[in-house]
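Survey of secondary and tertiary structure
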Amino acid sequence: MDYNFQEIEKKWQAYWAEHHTFETKNNSDKPKYYVLDMFPYPSGAGLHVGHPLGYIASDIYSRYKRLKGFNVLHPMGYDAFGLPAEQYAIQTGQHPAVTTAKNISRYRQQMDRIGFSYDWSREVRTCDPSYYKWTQWAFLKMFQHWYNPQTQKAEPIETLVEKFRKEGKWDNLSEKEQADLLMNYRIAYLGETAVNWCPALGTVLANDEVKEGLSVRGGFPVEQKKMRQWQLRVSAYAERLLEGLDELDWTDSLKEMQRNWIGKSQGAEVVFHVVNGDKEYDVTIFTTRADTLFGVTFMVLAPESEWVEKLTSPQQKQTVEEYLAAAKKKTERERIAETRKVTGVFSGSYGINPVTGEKVPVWISEYVLAGYGTGAIMAVPAHDSRDYAFARTFNLPVVPLIEGCDVSNESFDAKEGIMTNSGFLNGMTVKEAIPAAIEYVEKMGIGHRKVNYRLRDAIFSRQRYWGEPFPICYKDGIATALPFEELPLELPEVDKFLPTESGEPPLARAKGWEYKGYPIERSTMPGFAGSSAYYLRYMDPKNDEALVDKDVNAYWRNVDLYIGGTEHATGHLIYSRFWNKFLYDLGYVCEQEPFKKLINQGMIQGRSNFVYRIKNTNTFVSLGLKDKYDTTEIHVDVNIVHNDRLDLEAFRRWMPDFATAEFILEDGEYICGAAVEKMSKSMFNVVNPDMVCERYGADTLRMYEMFLGPLEQSKPWDTKGIDGVHRFLRKLWKMFFDGDTFSVSEEKATPQELKALHKLIGKAQSDIENFSFNTTVSAFMIAVGDLSDLKCNKREILEPLVIVLSPYAPHIAEELWSLLGHEETITYARFPEYVEAYTVENNVTYPVQFNGKMKFTVDMPKSYSREEVEAAIRADAGTAKYLQGAAIKKVIVVPGKIINIVC
RNA sequence: GCCCAGAUGGCGGAAUCGGUAGACGCGCUGGUCUCAAACACCAGUGGCCGCGAGGCUGUGCCGGUUCGACCCCGGCUCUGGGUACCA
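All figures in this text were calculated on a predicted structure; none of them were measured in a lab.

**A few points about the overall build of chain A**
Tallying secondary structure elements over chain A gives 28 helices and 36 strands in all. The principal-axis extent of the C-alpha atoms belonging to chain A is close to 105 × 85 × 75 Å. Going through the 903 residues of chain A one by one, you find that 53% of them count as buried. In chain A, the proportion of contacts linking residues at least 24 apart, taken out of those at least 6 apart, comes to 72%. Roughly 41,200 Å² of accessible area belongs to chain A as shown, and the carbon and sulfur atoms make up 49% of that amount.

Following this line, the structure appears as structure tokens:
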């Protein structure tokens, strides 16, 4: 009987759905295990073979854990709000909800075909009102809480009011003043800052949504603009987000990325007295190098700094204004392109160096950022390369502070050496001088120790339609929370998805978008809002009373294994951790960290194929001959190319232009060129999982994707090896059949058979636990190879073999399992016990035929001569027992330690 | 520039603790089956020398530690990823 994967896979997928095989209960005697995939954004293009890579790995792990006796939570859902659906809606008028639903059903179909063991009864969609009710709920909680730096946690805003009242800073304020005051403390707050404004998308974006001055979605230019926006006070949690990393089982590189993004730096704030004509001000700067105070020869303000206006002298006013205007006009991208180009103007005022008393000029330059520190710096050109470049351009003095350093051509940035020219710091090393200087500054009352973080608060409003509405209305201009009973505040209908003519967000088009006569906020929430707590909602997806029931949360706790791409390192994975910590502070969740172990699967790149058209003709020349002609390289659909050989007929049918194509072949074939590129529609290199399932079956697809290489590594999709994996499954199938009859013997297994089986069990177990899925596939191939060489068809061997295989190839495993006479699904079978005795050559209880290599520890003779060593081996009773007189071909000796013996 | 990761046959990749490098798969070569092809099966396959037994050489480059190094240490080169005037 042939291995009919089509039929088998259809049959078992239907069986699983009908029997709710993968539905999970919220209570069980079994230990819990939570395996989560990063849920996908359902795009119009559908899944390509790259998407399921992580899903297959997590599915294997889930199925493995079930076999090991765990109650496994393995859910899936959709990150369904987002820009592409809305851009599509703008172009076509089609409601984003409609396209999203359509895309979701296609995704579901594709995923079902791969045989995932998701508990679909727990599916969530971030755009469902019953789901975003809890996104809005969390937002309101953030609005109603503040971060108390004393207790290091979120507390109700009322405790802050109480504090102000006690300090006498409350009752004398007007209602508006009170609201404004609290806004400075709320965890979700309205605040004015420089934001990333993307004119093409008509919205602001968070820092992680911008890369190299372009929007991540769409690649449109982004500019800096001061705007009043909703923000989340993520920065308040900076220290806890940083500390929490230590206990997580994530890769070092990912933790490092988060550490850099949080960007903790320890230093001091120092006050400089600044004189502008007859006016005097105290300007605070931040530095990590307080030890270099004696080398300060000028100061610099960011162009956007509030000090600029106050510190510009009348004489310099015009020059400064021109400079500011020019700086303002530049887009973010232009600024990046012009990095290292030194620009700046003198403000006209002078600061006083607090340690030397010297007058230092105050300059204004783009190289100082308004958003970091205080937006003002002390410049030490001798020991900072940026200050150095500035000083050389504008002829400012350079005062070296470290013995023997040469600053004639470049600054000396290293934090090492002995201080000089530095008053009381002279003679100290830099490492001693930094704390000493800070201490001095504190004692003199001119500054204090300060820790700075690079991590910014998250901009939380988007001037878009397809997102969660804010449950906020404005009473006489005061932002006010809607009562919880009003949630979910559903997204209203609009006639068009574009901004209004006056530049208001699309929600301004919604009729009656108000609460009890008060206008409701018109922005919507960003993509990361819905994805920040979805892992909690899966625990209790139907609960209408709470995001997640307390007891249910206490059972599932947090995610044990999370699999997804690195691209979320500084976005979702930070926001989610922040969101979770906030809910933890409020007592809604029982764990500080949401994701215990995280694995980043690599990307599967596309492998594009090319044909070469001779210019101005419709003739195509094969790869090997193309250099003889003047040709144009054209991407050709990889689905009509097999092993780089073009299907000529399919090519003629592919596009009308090519219907009359002529070919110049080599050896009767057309060989295509190839290159590794991103998998995308425009390069015609997209391979759909459906195509692979059609041709080889889901089990082959699953095993092949794992076989491709280490999970974490990026690699191109290449179908070259897929036949080998398919061949393996057919070989396995054949072991159960004698001709067309299913034939399994009840005979007792031989030692060799047991050895082959247990080598597999041991290897599969440790490989799966180490997420080394590719080598497990090899282990399967070896075991099946060995067993078919032994013509093994014994139940005692084949039954455990099928169980071990089932996480990888669940359909064929179920079929064989049922043919073996089991009525229950294999999903909850017991993973076979690994018996080391069967596999270890020198095991006492079960000695197997000795041939090959062994490692022994024996007492070593004084010399390493062959005779003496061999004599020592044979003298060792335990070793000799297994040698059984076999000739020793080769011996590798370590003094008193290890011997490798080849017989 | 800074931080992180990596480099192994024609290709994807193994090597769990420092112990026979190249498992497994692909590809290729030869063979069996077939009228033929496909499928399947068997044998070979890092390089060099040799009919052969076998020998030499070999994990990006240079050096070190060790009886022994893909693995540990020092210095480079290259590739991938992150980040970028963060004071």
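**Quick look at the environment of Phe-663**
For Phe-663, the location among the structural elements is in strand S29 (residues 662–664). As a C-alpha pair, Phe-663 and Ala-510 span 153 residues in sequence and 59 Å in three-dimensional space. If we ignore the near neighbours within four places in the chain, the residues touching Phe-663 are Phe-620, Leu-646, Leu-648, Phe-651, Arg-652 and Tyr-670.

**Structural notes on the packing of aromatic side chains**
On inspection of all chains with the given rule, the structure shows 65 aromatic pairs. Aromatic side chains Phe-528 and Tyr-575 sit 3.7 Å apart centroid to centroid with 15° between the ring planes, which places their arrangement in the stacked category. Of the two residues, Phe-528 is situated in helix H15 (residues 527–531) and Tyr-575 in helix H18 (residues 572–585); the sequence distance between them amounts to 47 residues. When its relative accessible area of 8% is taken as the criterion, Tyr-575 is described as buried. Summarising the aromatic geometry, the rings of Tyr-562 and Phe-595 are spaced 4.1 Å apart at their centres and angled 25° between planes, so their arrangement reads as stacked. Pair noted here: Tyr-562 is in strand S22 (residues 559–564) and Phe-595 is in strand S23 (residues 595–600), with a separation of 33 residues, a long-range link. Here Tyr-562 and Phe-595 have matching classes, each one buried.

**Thoughts on the sheet that holds S23**
Each strand in a sheet pairs with its neighbour through backbone hydrogen bonds, running either in the same direction (parallel) or in the opposite one (antiparallel). Strand order across the open sheet formed by four strands is S2-S1-S22-S23, with parallel pairing between neighbours. Two strands bound the open sheet, and with one partner strand each, they are strand S2 (71–73) and S23. Ignoring strand direction, the axes of neighbouring strands in this sheet form an average angle of 20°. Sheet strands in contact with helix H2 (residues 52–67) are strand S1 (32–37), S2 and S22, and its direction is about 170° off that of S1. In the packing of H18 onto the sheet, contacts are made with S22 and S23, and the angle to S23 comes to roughly 175°.

**Some thoughts on a positive patch on the surface**
Taken together, Arg-727, Arg-730, Lys-731 and Lys-734 make up a surface patch of like positive charges. Looking at the element boundaries, Lys-734 is found in helix H22 (residues 722–735).

Conventions adopted
Residues numbered from 1 in each chain as written. Chains lettered and ligands numbered in written order. Predicted model: local features only at pLDDT ≥ 70, side-chain atom pairs only at ≥ 80, totals over all residues. Heavy atoms only, no water. Helix = DSSP H or I, 4+ residues; strand = E, 2+ residues; numbered from the N terminus. Buried < 20%, exposed > 50% of the residue type's maximum accessible area, 1.4 Å probe, protein only. Contact = heavy atoms within 4.5 Å. Areas by Shrake-Rupley, 256 points an atom, 1.4 Å probe, with all protein chains shown as cover. Phe/Tyr/Trp six-rings, centres within 6.5 Å; stacked < 30°, edge-to-face > 60°. Pairing = 2+ DSSP bridges. Axes fitted to C-alpha atoms, helices over the stretch in contact; angles between N-to-C directions. Patch = residues over 30% accessible without salt bridge, like charges linked within 9 Å, V, L, I, M, F, W, Y side chains within 5 Å. Salt bridge = Lys/Arg side-chain N within 4 Å of Asp/Glu carboxyl O. Lys, Arg positive; Asp, Glu negative; His and termini not counted. Charge placed at Lys NZ, Arg CZ, Asp CG, Glu CD.

That's the geometry; what it means functionally is another story.
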